[in-house]
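This is what each chain is made of:
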Amino acid sequence: MMKKTIIITSFQPIISRNILSTEILDILVANKIQVVIAMPDFKKDYYEKTFGKPGVIIEGVTTGKPSKTFFGLFFKRLFRLMLRTESIIIRERYQIWSMRKNWRTVLFVYITQNIGRLKFALPFFRWLDYHLTPHYFFNEVFNKYQPALIFATDVQNENDICFVREAKERKIPVVGMIRSWDNLTIHSILQVIPDRLLVWNSVLKNEAIRYSGVPENKIFIVGIPHYDRYIKSKKIPRNEFFKKIGANPDKKLIFYAPIGDMYQHENDTDQLVIEMLAKRDENIFVRFPPNDRVSCLDNFSPPPLMFLDRPGMAYDKKITGNRDVTREDDDMLINGLYWSNLIITGPSTIAIEAALFDKPIIMVNLHRKPKDGLLGVYSYGYDHLGYILRSGGVRKVDEVDDFTNWINRYLTDPSLDKEGRTRIVKEQCGGKSDAKASERVAQELLEKLK
């Protein structure tokens, strides 16, 4: 009997870690399913070395074609700006202010935001988008593999959207997934609705219903697949890990995840925090964001007891936004979090991961001189960060003295704010921190194949 084929999309760098590096592929192959991974053609060599095996085919394609068409780009922007959230308002204000955009842009944002209030707008513009935007860019892939199912792992990505539209045209079922916790409030209203939509938690489920009008019976909560490894993986012994990073095993370890340049007009936070941590007597583990620059630390030479971890498989050293997180990168992150006594971060999922390991969490908003609003770390006002900040599981610090105070308090008593961290895990992991999220995703795919 001929094997059924599933095409799995992987066009956003983090998908290779969040989906492909989990148990999902193994479960599908074990169930006699042929998996075709559709991904950017320039990453093909890495993907074949990393994920290629019997039952798994790597198919490189040219990406970004829809936004090179007039209607593709127009509707992509329209659906983003029709999304009426605090995150969108803050981001658009920042872009208008920082890029000195002209009055036409401001007017377009204002009109589109108000169009989003109208009940008829969403179904009407979805209909227009479907009929006006070209969506046959991946015809050859469909004809070549004749898939029985499409798994769109980032259903808001323009390439995924093309796969979903083509599948609908051919009457092929589609399972879609929301890639991350912020996507439904900061990226866009869903341009297309898959047959099944997989989400991490009830927060995302409610957002999909509220902002994108997804029917409740199409949404399934599965948890966070890549956290399965965080829970189940065997950790490196502490002494061995400390030796690997050049740390002193007699001292505590502080983990710092720099904010990066993306969320500040001028990034002075990371340099200030690093300078303050360098003066302390603990070991310091600094894990750079894989897909963002920290330009203020480009030429930074770490002092003793400070280890710099720069993750990400770089395809082009000049481009920081397309790096894949490797298995080795993830192992370093898991062990760094696991053996740390305190986690310091910015507006990042690192806060969720720290809570998963029940580590005290400080979120920094420090500057050499006071900065308010768009001049500071503006993304702390985003909707998805509100759940973390209101949880009682983190301490957001805006003053240097508070920063030092909370470092000392948490290192002395790591049980502080434990209940809040438990709340973060329950809320963000969908109450499913049982290391079986990958199984649930795979079962949803197999069920849809029936």
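Note that this is a predicted model, so its numbers are computed, not measured. (Residues numbered from 1 in each chain as written. Predicted model: local features only at pLDDT ≥ 70, side-chain atom pairs only at ≥ 80, totals over all residues. Heavy atoms only, no water.)

## Section: the overall build of the protein chain
Scanning the protein chain from N- to C-terminus turns up 20 helices and 13 strands. The C-alpha radius of gyration computed for the protein chain amounts to 22 Å, which stays within 12% of the reference 22 Å derived for 450 residues, consistent with globular compactness. Overall, the C-alpha framework of the protein chain stretches about 65 × 55 × 40 Å when taken along its three principal axes. Burial statistics for the protein chain: of 450 residues in total, 54% are counted as buried. If you take every contact in the protein chain between residues at least 6 apart in sequence, the share linking residues at least 24 apart comes to 70%. (Helix = DSSP H or I, 4+ residues; strand = E, 2+ residues; numbered from the N terminus. Rg over C-alpha atoms; globule rule 2.2 N^0.38 Å. Buried < 20%, exposed > 50% of the residue type's maximum accessible area, 1.4 Å probe, protein only. Contact = heavy atoms within 4.5 Å.)

## Side note on empty space enclosed by the protein
In the structure shown here, the tally under the stated rule is four cavities of 30 Å³ or more. Volume-wise, the largest cavity comes out at about 80 Å³. Forming the walls of the largest cavity are Pro66, Ser67, Gly72, Lys76, Thr133, Glu158, Ile161, Cys162, Arg165 and Gln191. At the level of secondary structure, the elements contributing two or more residues to the lining of the largest cavity comprise helix H4 (70-81) and helix H9 (158-169). The element that contributes the greatest number of residues to the lining of the largest cavity is H9, accounting for four residues. Its residues assigned to classes, the lining of the largest cavity shows three nonpolar, four polar and three charged. (1 Å grid on protein atoms, 1.4 Å probe; cavity = no way out; pocket = protein on both sides within 12 Å on 5 of 7 lines; lining within 4 Å. Points joined across faces, edges and corners; volume = space filled by probe spheres on them. Nonpolar A, V, L, I, M, F, W, Y, C, P; charged D, E, K, R; others polar.)

## Concerning the layout of surface pockets
Taken as a whole, the second largest pocket holds about 340 Å³ of empty space. Asn365, His367, Lys371, Asp372 and Asp398 are the residues nearest the centre of the second largest pocket, which is lined by 19 residues in total. In terms of residue class, the lining of the second largest pocket is made up of eight nonpolar, five polar and six charged.

## Thoughts on the side chain of Ser180
Within the secondary structure, Ser180 sits in the loop between strand E5 (174-177) and helix H10 (183-186). Residue class for Ser180 comes out buried when judged on its relative accessible area of 11%. Ignoring anything within four residues of it in the chain, the contact list for Ser180 reads Trp200, Leu204 and Thr349.

## Things to note about the packing of aromatic side chains
Scanning all chains against the criterion turns up 25 aromatic pairs. Each ring, one from Phe42 and one from Tyr315, has its centre 5.5 Å from the other, and the planes form 85°; the classification is edge-to-face. Residue Phe42 is located in the loop between strand E2 (33-40) and helix H3 (44-51), and its partner Tyr315 is located in the loop between strand E10 (306-309) and helix H15 (327-338); the two are separated by 273 residues in the primary sequence. The exposure class of Tyr315 is partly exposed, given its relative accessible area of 22%. Relative to Phe163, the ring of Phe138 lies with its centre 4.5 Å away and its plane at 15°, an arrangement referred to as stacked. With Phe138 in the loop between helix H7 (121-132) and helix H8 (139-145) and Phe163 in helix H9, this pair connects stretches of sequence that are 25 residues apart. By the burial criterion, Phe138 is buried, and Phe163 matches it. The ring of Phe242 has Arg238 sitting right over it, with the charged end atom 4.1 Å from the ring centre. (Phe/Tyr/Trp six-rings, centres within 6.5 Å; stacked < 30°, edge-to-face > 60°. Lys NZ or Arg CZ within 6 Å of the ring centre and 35° of its normal.)

## Focus on helix H11 (residues 202-212)
Val203, Leu204, Lys205, Glu207, Ala208, Tyr211 and Ser212 are the residues of H11 that are buried. Buried residues in H11 make contact with H7, H10, strand E6 (196-199), strand E7 (219-221), helix H17 (383-389) and helix H19 (418-428). At the N-terminal boundary of H11, the capping side chain belongs to Asn201, with an oxygen 3.1 Å from the backbone nitrogen of Val203. Residue Gly213 follows H11 closely and has a positive phi angle near 65°. (Polar contact = N/O pair within 3.5 Å; in protein donor to acceptor, adjacent residues only side chain to side chain.)

## Comments concerning the pairing of strand E4 (residues 149-152)
Burial along E4 is two-sided: Leu149 and Phe151 and Ile150 and Ala152, pointing in opposite directions, are all buried. With three bridges connecting them, strand E1 (residues 4-9) and E4 associate as parallel partners. Across the sheet, the residue bridging to Ile8 is Phe151, located in E4. Here E4 pairs with E5 via three bridges, running parallel. Note on E5: the bridge partner recorded for Ala152 is Gly176. Note that the unit made of E4, H9 and E5 has a crossover that is right-handed. (Pairing = 2+ DSSP bridges. Right-handed = clockwise from strand over helix to strand, strands pointing away.)

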